[in-house]
Amino acid sequence: MSDASNGTADPSNVPWSGKRALVTGSTRGLGRTIAEHLAQRGVTLVLSGRTEQEVHKSVSELSSFGVQITGIPADLSNTSEAHRLAEAAIDAVGKLDILVNNAGMSIRSDFWSVSDKDWDHQVNVNFRSPFILAQYAARNMIDLQTRGRIVNVGTIGARRCHSNACVYDMAKGGVEVMTRNMAYELGPHGIAVNCVVPGAIPIRPGSSFDANSNQRYLRHVPIGRFGTADDIAAAVMYFCDPSTEFTTGQSLLVDGGHATWLPVF
């Protein structure tokens, strides 16, 4: 776990003072760690997850950082919930400086067996709802002349295929295209939009992954280890940092060099 787990915000983070962020999927996994890193910097947070119980628990645990935290449950497979979440988040904190579209999920299946229901569920969570949330965040930032940050989270599967995850990988590929287009349109308003693209990140809060039984996969990762949630959070923090405004429209692959690997027979 990173230093963000020490339960206190760092008072020296003056450039982050007064910042307010919405992080989706922030009750566990990557989103939870991203939220912790933002809280450590003193950022006011809106946390979101699928159930009220998960959200309440996360708000309670992150309250030790001493920052204002609001929890809003939302099931982003339902686009009306995305609209509700965006409106409630803005009502709760007044303005958004940062939106992190982290929530994501995959229903594994060969592509010829994907039902319409499973298609809609995955596309809504991974692509449509992030688009909706970014619309609200962008309008809020433009109206209040906030030089904000929108950070989307993609997947290495948009560059290298996951097994039986066509819809998930396709939707996340759309997220990278969305990132570039949003950056182009929002740049004149001083809003930077970027995408963090995780590689193999099984080591995260709530994961049951057994690294010892999966060492064979490490031969695909030149850096010699699996990624962690902190690796991804560090990349998100770079894009959210007040000093990195000139970086926009980028998709940063954080994979330990995994995508460089090519089998040699």
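Here we summarise the structure given alongside this text. In this text, all values refer to a predicted model and were calculated from it rather than measured experimentally.

Phi is positive for Gln-145, close to 55°, though the residue is something other than glycine. Mapped onto the elements of the fold, Gln-145 is located in the loop between α4 (116-143) and β5 (149-153). The backbone of Asn-164 sits at a positive phi, close to 55°, despite the residue not being glycine. Structurally, the position occupied by Asn-164 is in the loop between β5 and α5 (166-186).

Our focus in this paragraph is the pairing of strand β1 (residues 20-23). Taken together, the 4 bridges between β1 and strand β2 (residues 44-47) define a ladder with parallel strand orientation. Bridge pairing in β2 places Arg-20 opposite Thr-44. Handedness of the crossover joining β1 and β2 through helix α1 (residues 29-40) is recorded here as right-handed. Pairing analysis gives 3 bridges linking β1 to strand β4 (residues 98-101), with the strands arranged parallel. The residue of β4 that forms the bridge with Ala-21 is Ile-98.

The next subject is the pattern of salt bridges. All chains considered together, the criterion is met by 8 salt bridges. As a salt-bridge pair, Arg-159 and Glu-176 come within 3.0 Å of each other at their nearest N and O atoms. Pair noted here: Arg-159 is in the loop between β5 and α5 and Glu-176 is in helix α5, with a separation of 17 residues, a long-range link. On the basis of relative accessibility, which here comes to 7%, the residue Glu-176 falls in the buried class. One connected set of salt bridges, linked through shared partners, spans Arg-32, Glu-36, Lys-57 and Glu-61.

This part takes up the sheet that holds β2. The 7 strands lie next to each other as β3-β2-β1-β4-β5-β6-β7, forming an open sheet whose pairing is parallel. Looking along the sheet, the strands with just one partner apiece sit at the ends: β3 (69-71) and β7 (251-254). Taking each pair of neighbouring strands and ignoring which way they run, the sheet shows an average axis angle of 15°. Pairing analysis gives 3 bridges linking β2 to β3, with the strands arranged parallel. Each residue of the ladder has a partner; that of Val-46, found in β3, is Thr-70. Across the sheet, helix α6 (residues 229-240) touches β4, β5, β6 (192-198) and β7, and the angle it forms with β6 is around 170°.

Let us now look at the side chain of Asn-101. Mapped onto the elements, Asn-101 comes out in strand β4. Taking relative accessible area as the criterion, Asn-101 reaches 3% and is therefore assigned buried. When neighbours within four sequence positions are excluded, Asn-101 is seen to be in contact with Thr-24, Pro-130, Leu-133, Ala-134, Ile-150, Val-151, Asn-152 and Val-153.

Moving on, we come to the packing of aromatic side chains. Scanning the model with the defined rule gives 2 aromatic pairs in all. Taking the centre distance of 5.5 Å and the plane angle of 85° together, the rings of Phe-111 and Trp-112 count as edge-to-face. On the accessibility criterion, Phe-111 (56% relative accessible area) is exposed. Taking relative accessible area as the criterion, Trp-112 reaches 65% and is therefore assigned exposed. Its guanidinium or amino end placed over the ring of Trp-16, Arg-41 lies 5.5 Å from that ring's centre, counting from NZ or CZ.

Burial within β5 is extensive, with 5 of its 5 residues counted as buried. With burial as the criterion, each face of β5 is covered, one bearing Arg-149, Val-151 and Val-153 and the other bearing Ile-150 and Asn-152. In this sheet, β5 lies alongside β4 in parallel orientation, the contact comprising 4 bridges. Bridge assignment links Asn-101 to a residue of β5, and that residue is Asn-152. Between the parallel pair β4 and β5, the chain is carried across by α4, and the sense of this crossover is right-handed. Of the strand pairs in this sheet, β5 and β6 are connected by 5 bridges, and their pairing is parallel. Directly across from Ile-150, in β6, lies its bridge partner Val-193. Handedness of the β5-α5-β6 crossover: right-handed.

Right, let's get into the layout of surface pockets. Take a probe with the size of a water molecule and roll it over the atoms, and the empty space left behind shows itself. Computed from the structure, the second largest pocket encloses a volume of approximately 190 Å³. Contributing to the lining of the second largest pocket are Phe-131, Ala-134, Gln-135, Ala-138, Arg-139, Ile-142, Asn-181, Met-182, Glu-185 and Leu-186. Mapped by element, the contributors of at least two residues to the lining of the second largest pocket are α4 and α5. It is α4 that contributes the most residues to the lining of the second largest pocket, 6 residues altogether. Considered class by class, the residues forming the lining of the second largest pocket number 6 nonpolar, 2 polar and 2 charged.

Rules behind the numbers
- In every chain, residue numbers begin from 1 and rise along the written sequence.
- The model is predicted, so local features are restricted to residues of pLDDT at least 70 and side-chain atom pairs to those at 80 or more, both for listing and for counting; the totals for chains, interfaces and linings are taken over all residues.
- Here the side-chain values reflect all heavy atoms present in the structure, with hydrogen atoms and water set aside.
- Where helices and strands are cited, they refer to DSSP runs of H or I of at least four residues and of E of at least two residues respectively, numbered from the N terminus.
- Only strands that DSSP links by at least two bridges are regarded as paired with each other.
- Assignment of crossover handedness uses the view with strands pointing away from the viewer, where a clockwise path from the first strand over the helix to the second indicates a right-handed crossover.
- By convention in these notes, a salt bridge is any Lys or Arg side-chain nitrogen within 4 Å of a carboxyl oxygen on Asp or Glu.
- Buried residues are those whose accessible area, probed at 1.4 Å on protein chains only, stays under 20% of the maximum for their type, while exposed residues exceed 50% and partly exposed ones sit between those limits.
- To get an axis, a line is fitted to the C-alpha atoms, and for a helix only the part in contact is used. The angle between two axes follows their N-to-C directions and goes from 0 to 180 degrees.
- Any pair of residues with heavy atoms lying within 4.5 Å of one another is described as a contacting pair.
- Only rings of Phe, Tyr and Trp enter the pairing, Trp through its six-membered ring, and a pair is recorded when the two centres are within 6.5 Å. The plane angle decides the type: under 30 degrees is stacked, over 60 is edge-to-face, the rest tilted.
- Should the NZ of a Lys or the CZ of an Arg lie within 6 Å of a ring centre and within 35 degrees of the ring normal, that charge is described as sitting over the ring.
- A 1.4 Å probe that fits but cannot get out identifies a cavity on a 1 Å grid over protein atoms alone, an open set with protein on both sides within 12 Å along at least five of seven lines counts as a pocket, and a residue lines either if it has an atom within 4 Å of a point.
- Grid points are joined across faces, edges and corners, and a volume is the space filled by probe spheres set on the points.
- Three categories are distinguished: nonpolar for Ala, Val, Leu, Ile, Met, Phe, Trp, Tyr, Cys and Pro, charged for Asp, Glu, Lys and Arg, and polar for the others, with Gly belonging to the last.

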